[in-house]
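Coordinate inspection notes
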Amino acid sequence: MTSGLIKQFIPDAVQHFADDGLEGLEKYKEIKPDFMIIDLLMPKLRGQDLIEEVKKIDIDAKIIVLSADVQHKVREVIDKMGVLTFINKPLNEEKAKTIANLIRNDAQ
Amino acid sequence: MSANLNKEDVLKELFNIGVGQAASTLSEIIDKKIVLKVPDVKILNLQEGKKELDAFLQNVAAGAVMVSSISFDRQLQGRISLVFPAEKMHRFIDLCLHEEHDTDAVMDFTDIDFDTIKEIGNILMNAIIGELSNNIHIPVEYTLPEVGILDNARAEAFVNEEAYHLVVLMYISFDIEGTEIEGAIVINMTLKSLDDVMDTIENWL
């Protein structure tokens, strides 16, 4: 669903997927994607820990957080980790467009 | 006594705000107006909670129920479950995915169905617990959401006698374009957690 919505606004983007945080980290190391979209609640490695690991490899890694967690405290902590943006689920067209614009503008 | 009553009223209101937030989020997912009725928030001890929940399961949700749950810990500890009659879930899933399916196999659910309920449940339960956490400034950490179908479910499935001592029960009923869905939100939390919440509320009064 997330993938489809984002593809709608950036049709030429190549997307890779991971089933859990650990696989996400492995794929990051292997592919070094331009952008990562990370959920905070994931099996094997939490989103917050994945961000930390990725930032250890590349402090400038471009990460977008997409999470159902509405806690202000969680958002504060994640914002301090240097992510591009924190978007609350559910993802809809408007939010997907925001992500797409962020990626497109940053890529220019 | 009045101080206790006031604290409980505030707590009930906080849960009501969370449910309202969850309904608003659901409306955003479905892209349709949802008429939500939350009759009452009941804060019950374990025995009362089990009795009430069993009555609900026998009267409203006789047969199979679909249960979506998430546990939370750190300063607040417990488990929240959304309990809905399984027979209404195909329509609900179609509404969430903006799709239309005809199915005679009411109790047949695909992996996509379960994933949809897991994800929607996760968002709704985060709205309820997250809103409470934001209001009382006590952070929580969630475990992964779970979903399943239970035949002839009993209260024991949602209320863990050994680890928890309190049941917050909210019967909810919502109408989405003529489809009425009745369900329950069950929050099974430790007394220590409730004390922490009540202490925070007491400071407000």
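Just so we're clear, the structure is a prediction, and the values are computed from it rather than from any experiment. (Residues numbered from 1 in each chain as written. Chains lettered and ligands numbered in written order. Predicted model: local features only at pLDDT ≥ 70, side-chain atom pairs only at ≥ 80, totals over all residues.)

**Notes on the overall build of chain A**
For chain A, the helix and strand inventory stands at 5 helices and 3 strands. The secondary structure elements of chain A, listed N-terminal to C-terminal, are α-α-β-α-β-α-β-α. A compact globule built from 108 residues should have a C-alpha radius of gyration of about 13 Å, and chain A, at 13 Å, falls within 12% of that. Projected onto its principal axes, the C-alpha positions of chain A cover 35 × 30 × 25 Å. Residue pairs in contact within chain A that sit at least 24 positions apart in sequence constitute 50% of those at least 6 positions apart. (Helix = DSSP H or I, 4+ residues; strand = E, 2+ residues; numbered from the N terminus. Rg over C-alpha atoms; globule rule 2.2 N^0.38 Å. Contact = placed C-beta atoms within 7 Å.)

**What to know about the interface of chain B and chain A**
Put simply, an interface is often sized by how much accessible area is lost when its parts join up. Taken together, the contact pairs 14 residues of chain B with 11 residues of chain A. Only α1 (2–30) and α4 (111–136) of chain B provide two or more residues apiece to the side of chain B that touches chain A. It is α4 of chain B that provides the largest number of residues to the side of chain B that touches chain A, a total of 8 residues.

**Description of the sheet that holds strand β1 (residues 36–38) of chain A**
Residues and elements named next belong to chain A. What the 3 strands build is an open sheet, ordered β1-β2-β3; its pairing is parallel. The open sheet has two free edges, formed respectively by β1 and β3 (85–88), since each of these has just one partner strand. Neighbouring strand axes in the sheet, compared pairwise and without regard to direction, differ in orientation by 20 degrees on average. (Pairing = 2+ DSSP bridges. Axes fitted to C-alpha atoms, helices over the stretch in contact; angles between N-to-C directions.)

**Thoughts on the pairing of β3 of chain A**
All names here are of chain A. Pairing analysis gives 4 bridges linking strand β2 (residues 63–67) to β3, with the strands arranged parallel. For S67, the partnering residue across the bridge sits in β3 and is N88. The handedness of the β2 to β3 crossover, carried by helix α4 (residues 72–80), is right-handed. (Right-handed = clockwise from strand over helix to strand, strands pointing away.)

**Observations regarding unusual backbone geometry**
Look at the link from K89 of chain A to P90 of chain A: it is a cis peptide, with omega at 5 degrees. Phi at N152 of chain B takes a positive value of approximately 45 degrees, unusual for a residue other than glycine. Looking at where N152 of chain B falls in the secondary structure, it is placed in the loop between β6 (146–150) and β7 (166–176). Among the residues examined, N152 of chain B registers 10 C-beta atoms within 10 Å and is labelled exposed. (Buried ≥ 20, exposed ≤ 12 C-beta atoms within 10 Å, placed from the backbone.)

**Points about the packing of helix α1 (residues 2–9) of chain A against helix α5 (residues 93–107) of chain A**
Residues and elements named next belong to chain A. Interaxial distance between α1 and α5 falls to 9 Å at its minimum, and their mutual angle equals 60 degrees. If you check the angle between α1 and α5, you find them oblique. Helix-helix and strand crossings are classified by hand; for α1 and α5 the assignment is right-handed. Each of L5, I6, Q8 and F9 in α1 lies in contact with α5, whose residues at this interface are E93, A96, K97, I99 and A100. (Parallel < 35°, antiparallel > 145°, perpendicular 65-115°, else oblique. Left-handed = near helix turned anticlockwise from the far one by under 90°.)

**Thoughts on the environment of L25 of chain A**
All names here are of chain A. Inspection of the secondary structure assignment puts L25 in helix α2 (residues 21–31). When the 18 C-beta atoms within 10 Å are taken as the criterion, L25 is described as partly exposed. The spatial distance from the C-alpha of L25 to the C-alpha of D49 is 9.8 Å, given a sequence separation of 24 residues. Those residues in contact with L25 that lie beyond four places of it in its chain are L45, L50, E53 and V54.

**Concerning the environment of L46 of chain B**
Residues and elements named next belong to chain B. With respect to the helices, strands and loops of the structure, L46 is situated in helix α2 (residues 46–59). Each C-alpha atom, one on L46 and one on N160, is 8.9 Å from the other, the two residues being 114 residues apart in sequence. Excluding anything up to four places from it in sequence, L46 contacts V159, E161, H165, L166 and V167.

**Structural notes on the packing of helix α3 (residues 89–97) of chain B against α4 of chain B**
Residues and elements named next belong to chain B. Running from N to C, α3 and α4 point in directions that differ by 70 degrees, and their axes come no closer than 10 Å. The orientation of α3 relative to α4 falls into the category roughly perpendicular. Listed contacts from α4 to M89, I93, C96 and L97 of α3 are D113, T116, I117 and I120. Considered class by class, the residues forming the contact of α3 with α4 number 6 nonpolar, 1 polar and 1 charged. (Nonpolar A, V, L, I, M, F, W, Y, C, P; charged D, E, K, R; others polar.)

**Digging into the nonpolar core**
Counting 56 residues, the largest nonpolar core has F15, V83, L124, I128, I185 and V186 of chain B as the members making the most contacts within it. Aside from chain neighbours lying at most four places away, what touches V186 of chain B is L53, S81, V83, F158, V167 and L169 of chain B. Counting 14 residues, the second largest nonpolar core, distinct from the first, contains M36, V54, V65 and L66 of chain A. (Core = buried A, V, L, I, M, F, W, Y, C linked by C-beta atoms within 7 Å.)

**Quick word on the confidence of the model for chain B**
All names here are of chain B. Mean pLDDT over chain B stands at 86; residues scoring 70 or higher make up 94%. By mean pLDDT, the top-scoring element of chain B is strand β5 (residues 140–142) (95), and the lowest-scoring one is strand β1 (residues 35–37) (81). Overall fold confidence (pTM) sits at 0.89, and the ipTM for the predicted complex is 0.85. (pLDDT = per-residue confidence, 0-100.)

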